[in-house]
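Chains, contacts and geometry: an overview
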Amino acid sequence: MANKEFPFTGFTSLAIHAGHEQDPNYAHLTPIYASSTFVYDTAEQGMRRFSKQEEGYIYSRWGNPTFTEAEKKLAAMECFGITDATGKPLVAKALLHASGMAAISSLFLSNLKAGDQILSHYSLYGGTQETMDKVLPGLGIEAVIVDLRDLNKAEEALKAHPKIKMVYLETPANPTLQCVDIEALTTLAGKYGKLVACDNTFATPYLQQPFRYGVDFIVHSTTKFLNGHGTAIGGVLIGRDIEFMTTRAEKTMQLLGGNSNPFDAFLLVNGMRTLEVRMERHCHNAIEIANYLEGHPAVAKVNFTGLPSHPDFYLTTKQMRHPGAIMSIELKGGLEAGKQMMNRLLLCTRTVSLGTCDTLLCHPASMTHYGVPKEQREKYGITDGLIRMSIGMENVQDILIDLEQSLKGL
Ligand SMILES: *Cc1c(COP(=O)(O)O)cnc(C)c1O
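What you are looking at is a predicted structure, and each value in this text was computed from that prediction instead of being measured. (Residues numbered from 1 in each chain as written. Predicted model: local features only at pLDDT ≥ 70, side-chain atom pairs only at ≥ 80, totals over all residues. Heavy atoms only, no water.)

Here we look at the domain arrangement of the chain
As far as domains go, the chain holds domain 1 (11-114 + 162-169 + 192-272) and domain 2 (275-407). The centre of domain 1, based on its C-alpha atoms, is set 31 Å off from the matching centre of domain 2. Buried surface at the junction of domain 1 and domain 2, summed over both partners, amounts to about 1,900 Å²; 63% is from carbon and sulfur atoms. One can count 0 salt bridges joining domain 1 with domain 2. At the boundary of domain 1 and domain 2, one finds 9 residue pairs in polar contact (both at pLDDT 80 or more). (Domains from an automatic or database assignment. Buried area = accessible area lost by both parts, 1.4 Å probe. Salt bridge = Lys/Arg side-chain N within 4 Å of Asp/Glu carboxyl O. Polar contact = N/O pair within 3.5 Å; in protein donor to acceptor, adjacent residues only side chain to side chain.)

A look at the pattern of salt bridges
A full pass over the atoms with the stated rule returns 17 salt bridges. With a shortest N-O distance of 3.3 Å, Glu 54 and Arg 49 are connected by a salt bridge. Here Lys 339 makes a salt bridge to Glu 336, at a shortest N to O gap of 3.8 Å. Pair noted here: Lys 339 and Glu 336 are both in helix H13 (residues 334-344), with a separation of 3 residues, about one helical turn. Taking the relative accessible area as the measure of exposure, Glu 336 reaches 47% and is therefore partly exposed. Here the residues in one salt-bridge network are Arg 48, Arg 49 and Glu 54, joined through shared partners. (Helix = DSSP H or I, 4+ residues; strand = E, 2+ residues; numbered from the N terminus. Buried < 20%, exposed > 50% of the residue type's maximum accessible area, 1.4 Å probe, protein only.)

A closer look at the sheet that holds strand E2 (residues 117-121)
Spatially, the 7 strands line up as an open sheet ordered E1-E7-E6-E5-E4-E2-E3, and their pairing is mixed. Of all strands in the sheet, those with a lone pairing partner are strand E1 (93-97) and strand E3 (142-146), marking the two edges. Recorded for the sheet is a direction-independent mean angle of 20° between the axes of neighbouring strands. The sheet contact formed by strand E4 (residues 164-170) and strand E5 (residues 195-199) spans 5 bridges and is parallel. Considered in E5, the bridge of Leu 169 is made with Cys 198. This element, helix H4 (residues 100-111), spans E1, E2, E4, E5, strand E6 (217-221) and strand E7 (235-239) of the sheet and lies at about 155° to E6. Lying over the sheet, helix H6 (residues 151-160) contacts E2, E3 and E4, oriented at roughly 150° with respect to E3. (Pairing = 2+ DSSP bridges. Axes fitted to C-alpha atoms, helices over the stretch in contact; angles between N-to-C directions. Contact = heavy atoms within 4.5 Å.)

And the structure:
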């Protein structure tokens, strides 16, 4: 076990060791603490635990040793190599949740109240967008949606809506991959005294660290690249204001009951150890595949921020280590070509979601968005021939062979 004082200089050293505590029974890995409650030696000890005079676990909705390792690792990864205003290493607190959506709900409900507004971009993860459309209005919280790639529009919105309390970013965004400038928007929000939160799911802390630019909160769906193996749903809320995180945010999570569970937390901890190694492979494969597809006669367009032809290429270079491993292509042959390509796949997996070892392909027009009228889905950029791809870690030549044979003659 690494000494607590060890000054990690590399991301993977930190990802492997950070947050690990010596197990009382000397188990190498932190076990799955499948226990709903924790016991006390005496009534007095119970009192001290409940009054927070003594650290210790009470009830797994409030905390569990397996969650703690995941939380400490996540916070350490998001703070890696960053110093605070006084020059000391940045510290943050993470709260592990049942899902990305549970973490986002805790973020909103711990920070916003009736009468508040939230400023965001029109391209967001569907669940987040629906929460803003269908859940927040019932609580008296309104979302102001503008194109946050346009800083003038963002500033106009901040001026016109003094009740905006938080600016909510997601970059790269699901599913369009649109990126927004975290540094510029955080500086702007700071000028108007607003909080900033960023969904960092697509990038992961290895590719992008929003705390570098001063955002207040980071959320993740850990279901994707952080877990990396598609074995568990999970989410995390990470904040720099430790006081807020240990009071309001923690209380909100505990009372809403959006906690994780020990088995999923264990799978996440083990997945996260290899995040850098996996992301390097995912991203390396993605660049090769994007270059191949850009020259393919069946492909009208490749949406990938790693291609100089993409409008967000320079922004991605500025705020991300690599442009990630999610891309979409538009097939010239439309709906029929999309279906045919999907049906011909021999190696890649036909499914939604992203961030697993295998390459995942999804055809929104015949799958996730089948029921959505054509005009409506096209407004979101989901055309008939759009295929979304989460590039996996297979040997790249095998992915290329599969794409070649499935696109042949289309
Ligand atoms: C998947 C996803 C979510 C939601 O996470 P769940 O774990 O499915 O609840 C939120 N944001 C982004 C960007 C996602 O990709």
